[in-house]
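As a plain string of letters, each chain reads:
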Amino acid sequence: MVNITYVDVLRLATSFDYADSLNSITNASTDHASLLACDQSLLDGVIGTNSTQKLIAELPFDAFHEGKIYATSNWAGSLDNPINITIVDPNTGDISFTRYVNVAEANGGAAFYPVGTPANSSEGQQIAFCDQGDVNHHGSQLTVVKPAIDETNNFLGRNFSSLNDKFGLELSIRPYVYRPEPKTGVIQAVTGSYIAPNGIEFSLDYKYVHITDTGAQTSKDGENNATYPATIYRFDITPDGKRLENRQTFAYSSVGLPDGIHTDIKGNVCSAVSRGIHAWDKECVF
């Protein structure tokens, strides 16, 4: 069962008490999914009003940190217990776990289609993981697995420090987002206007790319810094597909941080935040 609460947006904008009542709904412990709907058309476009939910698994550790069919688990606090790759069978819901050689601490992954892969086919498909590395094995690197393992671990001799989420790459010295060309080995920095670039996702027509900035979590005392970004930015992709331009603020998360991000078949943008999942349509309506 899915519980849907329709939000009076005008009332929300003028009443803290009403906002607190909505927070109590999203924070409630319940066996049912609880959704807040601010826009009827977006609700219809994302899940519809007759949606159901299914519990796939309850596990004794944090198995689902980031990903889709292949998900990476949370850091378990010990180098002796590396991050697992959690595999979900989309047909049966069955769960299995694996670890790949030369993938030490994966943080997000995506399907990778090498040049020449047939369109609309899984033939030749591989999987790319952002590996944050560890002190016992290797530094941070982008690793492609199945069937072979290829590693990209530096930008013109400068080592990566913390690759994160598909091809959104995060550096502690100076955060950049990179565009790698696996066929040629060329790696280009496409934007550096970030505090902590995190999730990345293209629009369906590949005209835009959405990149999250979770800079609000970078404070040294462990508390979020609300003066820093918890923001999704949208860039235009140049016609040659190699550069980004015209940065726009697409959305800001008032609670939590927009971490993993995904675009559905209708162009809606969904992002995981600390209190669930937020969704916006392609016109930025929440």
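Residues numbered from 1 in each chain as written. Predicted model: local features only at pLDDT ≥ 70, side-chain atom pairs only at ≥ 80, totals over all residues. Heavy atoms only, no water.

**Student:** Go over a nonpolar patch on the surface, please, and point to the residues and values.
**Tutor:** Side chains of Leu59, Phe61, Phe64 and Phe97 sit close together on the surface and give an oily, nonpolar patch of about 340 Å² of accessible area. Overall, Phe97 belongs to the partly exposed group, its relative accessible area being 39%. (Patch = residues over 30% accessible without salt bridge, like charges linked within 9 Å, V, L, I, M, F, W, Y side chains within 5 Å. Areas by Shrake-Rupley, 256 points an atom, 1.4 Å probe, with all protein chains shown as cover. Salt bridge = Lys/Arg side-chain N within 4 Å of Asp/Glu carboxyl O. Buried < 20%, exposed > 50% of the residue type's maximum accessible area, 1.4 Å probe, protein only.)

**Student:** Please set out the nonpolar core residue by residue, giving values where relevant.
**Tutor:** A general tendency of soluble globular proteins is for nonpolar side chains to be buried together. If you look at the biggest cluster of nonpolar residues, it comprises nine residues: Val177, Val190, Tyr194, Ile200, Val209, Ile211, Tyr233, Phe235 and Ile237. Among the secondary structure elements, those contributing two or more residues to this core are β18 (208-213) and β19 (231-237). When residues of this core are assigned to their parent elements, the largest contribution, three residues, is made by β19. Grouped together as the second largest cluster of nonpolar side chains are eight residues, Ile87, Tyr100, Val103 and Ala106 included. (Core = buried A, V, L, I, M, F, W, Y, C linked by side-chain atoms within 4.5 Å. Helix = DSSP H or I, 4+ residues; strand = E, 2+ residues; numbered from the N terminus.)

**Student:** Which residues make up the side chain of His278, and what values do they have?
**Tutor:** Mapped onto the fold, His278 is located in strand β23 (residues 276-280). Those residues in contact with His278, other than ones at most four positions away along the chain, are Ser253, Val255, Val269, Cys270, Ser271, Val273 and Phe286. (Contact = heavy atoms within 4.5 Å.)

**Student:** Break down the sheet that holds strand β22 (residues 269-273) for me, with residues and values.
**Tutor:** What the three strands build is an open sheet, ordered β21-β22-β23; its pairing is antiparallel. The outermost strands of the open sheet, each flanked by one partner alone, are β21 (261-263) and β23. On average, each strand axis in the sheet is tilted by 20 degrees relative to the strand beside it, whichever way the strands run. Here β21 pairs with β22 via three bridges, running antiparallel. Residue pairing in the sheet places Ile261 in a bridge with Ser271 of β22. (Pairing = 2+ DSSP bridges. Axes fitted to C-alpha atoms, helices over the stretch in contact; angles between N-to-C directions.)

**Student:** Outline the environment of Ser271, supporting the account with residue identities and numerical values.
**Tutor:** Counting through the fold element by element, Ser271 comes out in strand β22. Take Ser271: its relative accessible area is 1%, and that puts it in the buried class. When the C-alpha atoms of Ser271 and Pro258 are compared, they prove to be 5.6 Å apart, with 13 residues separating the residues in sequence.

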